[in-house]
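Coordinates in review
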Amino acid sequence: MFAYINGRILPEDQAFVSINDRGWLYGDAVFETLRTYGGRAFKLEEHLDRLEMSAGLSAIAIPLARAALIKEIDRLLEAESSTQDIMIRVVVSRGVGGAGIFPTEAPDPTLVFQLRSLPGYAPEVFTKGWSLMVAETRRNDPNAINPLIKSGNYLNNIMAKREAVEAGANEALMLNREGLVAESTVSNFFLVKNGNPVTPPISDGILPGITRETVIKLGNKVGLNVQERSIDLAALFDCDEAFLTLTSAGIIPITKINKQSLGTEIGPVTLRLRQAYIEHVDDFIRGEE
Ligand code: PMP
């Protein structure tokens, strides 16, 4: 697949950034992961809003204005001319700098767009669901690396994912410093209790997921009362249904948390939201969204 580095479109195996790039040296970078449906980037403006927020909070300058970014992403998609749905990873690092940590030593940010295949989700993921394990590794405290920033440093999420996979679960559920549910390693978390979806508020230290926001809106539209409120462990283990939200897959049902089964079937509220999400994507593909 093709990649884009600072204005140049190259085959992936010829696309390199410097070993002195601060994204590599320090994780001094921000990123976004988008996907296409029907050849067009889905929720592009929302992802670019979040990229700008991440870059702003990290004092990294995005080298192109919004309209130019969109033009360059379109140029890369045209070069690839894939008939398949694909992922688009956007990375802005602080750029090449000296050996020191002080950021002004890197005057020119590095802008990379990387096209990738979609992760292959087996059909059973959506019919049987995934298992979650509550990880020991906590989500970053907002006073450390604020989870509002989609930072190039994902080490804490990687550690949590390792824990979960080594324990035989599909994914990790991460708590914040207070022990409240935050999010999963690359997705947001919802539970359902008495027919109402509940998801932690942004203030509990999570990434403001674009799929999360879409699901909140769709849920309210189909008559569910979606609540943003803190989830403690007691509420977690008292839920009727649970699911994750993320760009690549939309909604992934959860049927097990730690040793506790949530049933062998996907719950009715999760199914309803998945249907609403699929219809929302279909509207986008038809150009009606
Ligand atoms: N939380 C984290 C930590 C993530 O990395 C992601 C993936 N970007 C999400 C949540 C889900 O966000 P989105 O719905 O925008 O893909």
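Residues numbered from 1 in each chain as written. Predicted model: local features only at pLDDT ≥ 70, side-chain atom pairs only at ≥ 80, totals over all residues. Heavy atoms only, no water.

1. Quick notes on the layout of surface pockets
The space that makes up the second largest pocket amounts to roughly 230 Å³. If you go around the second largest pocket, you meet 13 residues; those closest to its centre are Glu46, Ile210, Glu213, Thr214 and Lys217. Among the elements of the structure, α2 (44-58) and α6 (210-221) are those that each provide at least two residues to the lining of the second largest pocket. At five residues, α6 tops the list of elements feeding residues into the lining of the second largest pocket. (1 Å grid on protein atoms, 1.4 Å probe; cavity = no way out; pocket = protein on both sides within 12 Å on 5 of 7 lines; lining within 4 Å. Points joined across faces, edges and corners; volume = space filled by probe spheres on them. Helix = DSSP H or I, 4+ residues; strand = E, 2+ residues; numbered from the N terminus.)

2. What to know about the nonpolar core
With 23 residues, the main nonpolar core has Leu51, Ile88, Val90 and Phe113 as its most contacted residues. Those elements that place two or more of their residues in this core are β3 (29-37), α2, α3 (66-80), β5 (86-93) and β6 (110-117). Ranked by residue count, the leading element in this core is α3, at five residues. Not counting residues up to four positions away in its chain, the partners in contact with Val90 are Val30, Phe31, Glu32, Leu34, Leu51, Ile73, Leu111, Val112 and Phe113. Among the nonpolar cores identified, the runner-up in size contains 22 residues, and Leu173, Phe189, Leu191 and Cys239 belong to it. (Core = buried A, V, L, I, M, F, W, Y, C linked by side-chain atoms within 4.5 Å. Buried < 20%, exposed > 50% of the residue type's maximum accessible area, 1.4 Å probe, protein only. Contact = heavy atoms within 4.5 Å.)

3. Let's talk about the pattern of salt bridges
Tallied over the full model, the rule gives 17 salt bridges. Across the pair Arg66 and Glu52 runs a salt bridge whose closest N-O atoms are separated by 3.0 Å. One end of the pair, Arg66, is in helix α3; the other, Glu52, is in helix α2, and 14 residues separate them in sequence. Between Glu183 and Arg139 there is a salt bridge, with its nearest N and O atoms 2.6 Å apart. (Salt bridge = Lys/Arg side-chain N within 4 Å of Asp/Glu carboxyl O.)

4. Examining the domain arrangement of the protein
By the assigned domains, the protein splits into domain 1 (2-117) and domain 2 (125-285). Between the C-alpha centres of domain 1 and domain 2 there is a distance of 26 Å. Here domain 1 is connected to domain 2 by zero salt bridges. The interface formed by domain 1 and domain 2 contains seven residue pairs in polar contact (both at pLDDT 80 or more). The set of elements that each furnish at least two residues to the side of domain 1 that touches domain 2 consists of β3, β4 (40-41) and α2. Among the elements that make up the side of domain 1 that touches domain 2, the one with the highest residue count is β3 (eight residues). (Domains from an automatic or database assignment. Polar contact = N/O pair within 3.5 Å; in protein donor to acceptor, adjacent residues only side chain to side chain.)

5. Side note on α2
Between its first and last C-alpha, α2 extends 21 Å over 15 residues, near the 21 Å set by a 1.5 Å rise per residue. Taken together, the buried positions of α2 are occupied by Leu44, His47, Leu48, Arg50, Leu51, Ser54, Ala55 and Ser58. Taken down its axis, α2 places every buried residue within 160° of arc, on the same side. Close packing links the buried residues of α2 with β3, β4, α3, β5 and α6. Positive phi shows up at Ala59, right after α2, with a value of about 55°. (Expected span 1.5 Å × (residues − 1). Arc of directions from axis to C-beta.)

6. Quick look at the sheet that holds β4
If you walk across this open sheet you meet the six strands as β2-β1-β6-β5-β3-β4, and the pairing is antiparallel. Every interior strand has two partners, whereas the edge strands, β2 (8-11) and β4, have only one. Bridge count for strand β1 (residues 2-5) against β6 is three bridges, and the pairing is antiparallel. If you follow Tyr4 over to β6, its bridge partner there is Phe113. The sheet contacts of α2 involve β3, β4 and β5, and relative to β3 the element is tilted by about 175°. Strands β1, β2, β3, β5 and β6 of the sheet are contacted by α3, whose axis makes an angle of about 40° with β6. (Pairing = 2+ DSSP bridges. Axes fitted to C-alpha atoms, helices over the stretch in contact; angles between N-to-C directions.)

7. Thoughts on the pairing of strand β11 (residues 196-199)
Bridge count for strand β10 (residues 188-193) against β11 is three bridges, and the pairing is antiparallel. The partner of Lys193 across the bridge, within β11, is Asn196. Here β10 folds back onto β11, and the loop between the two strands holds two residues, one of which, Asn194, carries a positive phi near 50°. As paired strands, β11 and strand β12 (residues 227-228) are joined by two bridges and run parallel to one another. From the neighbouring strand, Thr199 faces β12, where its bridge partner is Glu228.

8. Section: the packing of aromatic side chains
According to the stated counting rule, one finds seven aromatic pairs in the structure shown. Ring geometry for Phe42 and Phe284: centres 5.0 Å apart, planes at 70°, overall edge-to-face. Of this pair, Phe42 sits in the loop between β4 and α2 while Phe284 sits in helix α8 (residues 268-285); the two residues are 242 residues apart in sequence, bridging distant segments of the chain. Under the relative-accessibility criterion, Phe284 is labelled buried at 5%. Relative to Phe126, the ring of Tyr121 has its centre 6.1 Å away and its plane inclined at 65°; by these criteria the two rings are edge-to-face. Grouping aromatic residues by their ring pairs yields a cluster made of Tyr37, Phe42 and Phe284. A cation sits over an aromatic face here: Arg35 above Tyr37, 3.6 Å from the ring centre. Taking NZ or CZ as reference, Arg89 lies 4.1 Å from the ring centre of Phe31, over its face. (Phe/Tyr/Trp six-rings, centres within 6.5 Å; stacked < 30°, edge-to-face > 60°. Lys NZ or Arg CZ within 6 Å of the ring centre and 35° of its normal.)

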